[in-house]
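A closer look at the structure
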Amino acid sequence: MASLLSSSIGFYLGRTTSRGFNRFFTAKEIQLGNSMFDRYGDISIAVSKGIPVLSEAVSFLSGTTSISFKRFFCYSLMGHLPVSAIYAFVGSYAGSLNSYLVSGGVILATIALFFVFRMVIGRKIKTAV
């Protein structure tokens with residue numbers, strides 16, 4: 001519930017500050033952003049919920065586009081449910097083991113995934129330039 005609330009607050013902040021935020025971009029850039037968000041926005045909302053910082057950024061940016069709150073909320077819920085279930089399972093499992101080994105493994109795996117993701121994105125940026 002708290003993650004849905006924070007996503008909704010991010011959406012609301014994006015919606016209320018979109019005029020001030022959009023003044024840094026041209027009308028063509030805003031139109032391009034809206035068309036990209038119309039094409040990939042739904043999946044980006046759902047997938048980003050498991051990735052810290054990106055989740056908040058996508059929630060805020062969703063508010064600056066023409067997407068409805070109802071649509072945003074549905075995709076946000078679809079993204080939060082599996083993440084919450086995984087967190088609950090891992091937490092329950094770690095608690096039943098009464099060990100910090102599982103928690104440490106999850107933390108190390110998250111750090112490793114971050115570096116792998118960073119390397120992949122870095123290669124794509126270098127090949128694009």
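All figures in this text were calculated on a predicted structure; none of them were measured in a lab.

A closer look at the packing of aromatic side chains
- As enumerated under the stated definition, the model contains five aromatic pairs in all.
- When the centroid spacing of 6.3 Å and the interplanar angle of 40° are considered together, the rings of Phe-69 and Phe-72 count as tilted. Within this pair, Phe-69 and its partner Phe-72 are both found in helix H5 (residues 69–97), separated by three residues, close to a single helical turn.
- Judged by relative accessible area, which is 39%, Phe-69 ranks as partly exposed.
- Between the aromatic rings of Phe-69 and Phe-73, the centroid separation amounts to 5.8 Å while the plane-to-plane angle is 40°, which identifies the pairing as tilted. Of this pair, Phe-69 and Phe-73 both sit in helix H5, separated by four residues, roughly a single helical turn.

With respect to the environment of Lys-49
- Structurally, Lys-49 is set in the loop between helix H3 (27–48) and helix H4 (54–64).
- Accessibility expressed as a relative area gives 6% for Lys-49, which makes it buried.
- When the C-alpha positions of Lys-49 and Val-83 are compared, they lie 7.4 Å apart, and in sequence the two are 34 residues distant.
- Ignoring sequence-local partners within four residues, the contact set of Lys-49 consists of Ser-7, Ser-55, Ser-59, Phe-72, Ser-76, Gly-79, His-80 and Val-83.
- One polar contact links Lys-49 to Ser-7, side chain to side chain, over a distance of 3.3 Å.

Details of the layout of surface pockets
- Here the largest pocket defines a volume of roughly 610 Å³.
- Taken together, 14 residues line the largest pocket, and the ones lying closest to its centre are Gly-50, Ile-51, Pro-52, Thr-110 and Leu-113.
- Secondary-structure elements contributing two or more residues to the lining of the largest pocket are H5 and helix H6 (101–128).
- No other element matches the six residues that H6 contributes to the lining of the largest pocket.

Some thoughts on a nonpolar patch on the surface
- A contiguous nonpolar surface patch, about 690 Å² in accessible area, is contributed by Leu-32, Met-36, Tyr-40, Ile-43, Val-47, Ile-51 and Leu-54.
- Examining the composition of the nonpolar patch, we find that five residues originate from one element, H3, more than from any other.
- Checked against the element boundaries, Tyr-40 lands in helix H3.

Definitions and cut-offs
Residues numbered from 1 in each chain as written. Predicted model: local features only at pLDDT ≥ 70, side-chain atom pairs only at ≥ 80, totals over all residues. Heavy atoms only, no water. Phe/Tyr/Trp six-rings, centres within 6.5 Å; stacked < 30°, edge-to-face > 60°. Helix = DSSP H or I, 4+ residues; strand = E, 2+ residues; numbered from the N terminus. Buried < 20%, exposed > 50% of the residue type's maximum accessible area, 1.4 Å probe, protein only. Contact = heavy atoms within 4.5 Å. Polar contact = N/O pair within 3.5 Å; in protein donor to acceptor, adjacent residues only side chain to side chain. 1 Å grid on protein atoms, 1.4 Å probe; cavity = no way out; pocket = protein on both sides within 12 Å on 5 of 7 lines; lining within 4 Å. Points joined across faces, edges and corners; volume = space filled by probe spheres on them. Patch = residues over 30% accessible without salt bridge, like charges linked within 9 Å, V, L, I, M, F, W, Y side chains within 5 Å. Areas by Shrake-Rupley, 256 points an atom, 1.4 Å probe, with all protein chains shown as cover. Salt bridge = Lys/Arg side-chain N within 4 Å of Asp/Glu carboxyl O.

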